[in-house]
Amino acid sequence: MLSVPPPPPAGARPARPGPRPLAPIAIPARVIAAAVLLLAGLAGIPHARAQDAGAAPPPTVTVAPPLVRELVEWQEFTGQFAAVDTVEVRARVSGYLEQTRFDDGALVAAGDLLFEIDPRPFRADLDAAEARQASAAARLELAERQLARAESLLSTNNIPEATYDERIGEVRVATAALREADAAVARARLDLDYTRIAAPIAGRIGRAEISVGNLVIGGAGGDANRLTTIVSIDPIYFEFDMSESDFLAYQRAAAEGVLPSRRDGGIGVEARLFDEPGNWPYSGVIDFVDNRVDRSSGTIRMRGVFPNPDGFLTPGQFGVLRLPGSPLYAAILLPDSAILSDQDRKIVLTVGEGDIVVPRIVRPGPRELGLRIIRRGLEPDDRVIIEGVMHARPGQPVTPEPGEVVPPDPAG
């Protein structure tokens, strides 16, 4: 007898049939093995990376001892070459310019004829002065004869003494007149000589500023025409300004005997032009130091003198002068790339025991030989990192490779 389930309550939903059970899927064994190996490999990647990071070698850097070289520290100053002698050639007499006897810009020797002013008026003046001179000489000769005659008559009392005194006065007047005539002749002859204008010094002459045929105004006043200019060439000055602090340092060094006295001309200096970097072809000495410091600029004017036999240096050119700032000593030098900045300090990284990076605080000086002088903080046998500085960290190991500090090639 069949059992029939009771009907659902009123309003109830009929029950849904349950899902059928899935049949088991058969997975090949080789697929399962591959999956297990893949998961095992992925799980081991972080651990392997951690092992690799811990085993990374220290950074490689280049180390070398600093370069030790005997040298003199130099201080450089910009200045200007100037002629030892400069002459503005002017006429001493007025007249028409007749000839010019030089080429513009040429070298001239002292005494060379430069200009000629028309001499004819001055020659006529000389002739007139000589005629007056001859007349004065004749009057003096007559007065002397009359005086001699008066002396003989006075001895026999044949003329009064007053007449004798007159003859003496006539001789004195005639003598003075002759002297005046002599002076006039000398002046006229001098004016005639002044029509030939010669070079007062040797040097390089400028251009002729007045052409032939023009009237030249001469004389000793400021209205006289300038005909040309001559500047001396050999030797030549180099003028520059030194700051008060540098000047004081030199005073101290000279007083202590470290440097020679500048006022005795004992400081040797070198100079170059602006197109001669790294080369100092001109040697001279300091020959002048001004007697006071300029109150407005705080500098003192100094001057060196240089031989210039070939005349290559020209007055007015700008150049650079260097003078010694120290005696000869063994300096420690490094390239600027090996020096780091830490606020207001300068640091050099060295390699100590166990190849550990050790920082050193140093005091740099000026540049010499293309390198930086290290005044303090470094020893000649220190191993300094000269390449790879940015990869090194203080207190951390590095892998040093030997290198060498060499001055850069000036031509490079």
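All values derive from a computational prediction rather than experimental measurement.

(A) Summary view of the overall build of the chain. A count of helices and strands for the chain gives four helices and 23 strands. For the chain, with 412 residues in total, the buried portion stands at 31%. Nonlocal contacts in the chain, meaning residues at least 24 apart in sequence, comprise 74% of its contacts between residues at least 6 apart. As presented, the chain carries roughly 26,100 Å² of accessible surface, and 54% of it is formed by carbon and sulfur atoms.

(B) How the structure looks around the confidence of the model for the chain. Counting all residues, the mean pLDDT for the chain is 84, and 84% of those residues have values of 70 or more. Note on residues 1-5: pLDDT under 50 across the span, and zero contacts to partners over four residues away in sequence or across chains. Taken together, the stretch residues 31-52 has pLDDT below 50 and engages in one contact with residues farther than four places along the chain or on a different chain.

(C) Quick look at the packing of helix H2 (residues 120-155) against helix H3 (residues 161-194). Their axes nearest at 8 Å, the elements H2 and H3 cross at an angle of 160 degrees. Taken as axis vectors, H2 and H3 run roughly antiparallel relative to one another. For the pair H2 and H3, the crossing hand works out as left-handed. When grouped by side-chain class, the residues that make up the contact of H2 with H3 number 21 nonpolar, three polar and 13 charged.

(D) Just the sheet that holds strand E7 (residues 113-117), in detail. As summarised here, the arrangement of the four strands in space is E8-E7-E5-E10, forming an open sheet in which the pairing is antiparallel. Edge positions in the open sheet fall to strand E8 (196-198) and strand E10 (215-216), since each of these has one partner strand only. Two strands pair when backbone bridges link them, and strand E5 (residues 95-100) and E7 are joined in this way by three bridges, in the antiparallel orientation. By the bridge assignment, Leu-97 is partnered in E7 with Ile-117.

(E) Structural view of the sheet that holds strand E15 (residues 299-306). Reading around the barrel, the six strands line up as E3-E12-E15-E14-E13-E16 and close back on themselves, with antiparallel pairing between neighbours. The sheet shows a mean angle of 40 degrees between the axes of neighbouring strands, taken without regard to direction.

(F) Spatial organisation of the environment of Trp-74. Note that Trp-74 resides in strand E3 (residues 74-83). Exposure remark for Trp-74: the relative accessible area of 21% places this residue in the partly exposed category. Measuring from C-alpha to C-alpha, the distance between Trp-74 and Leu-323 comes to 5.4 Å, with 249 residues separating the pair along the chain. The residues contacting Trp-74, other than those within four sequence positions of it, are Gly-268, Glu-270, Arg-322, Leu-323, Pro-324, Gly-325 and Glu-368.

Criteria and thresholds
Residues numbered from 1 in each chain as written. Predicted model: local features only at pLDDT ≥ 70, side-chain atom pairs only at ≥ 80, totals over all residues. Heavy atoms only, no water. Helix = DSSP H or I, 4+ residues; strand = E, 2+ residues; numbered from the N terminus. Buried < 20%, exposed > 50% of the residue type's maximum accessible area, 1.4 Å probe, protein only. Contact = heavy atoms within 4.5 Å. Areas by Shrake-Rupley, 256 points an atom, 1.4 Å probe, with all protein chains shown as cover. pLDDT = per-residue confidence, 0-100. Axes fitted to C-alpha atoms, helices over the stretch in contact; angles between N-to-C directions. Parallel < 35°, antiparallel > 145°, perpendicular 65-115°, else oblique. Left-handed = near helix turned anticlockwise from the far one by under 90°. Nonpolar A, V, L, I, M, F, W, Y, C, P; charged D, E, K, R; others polar. Pairing = 2+ DSSP bridges.

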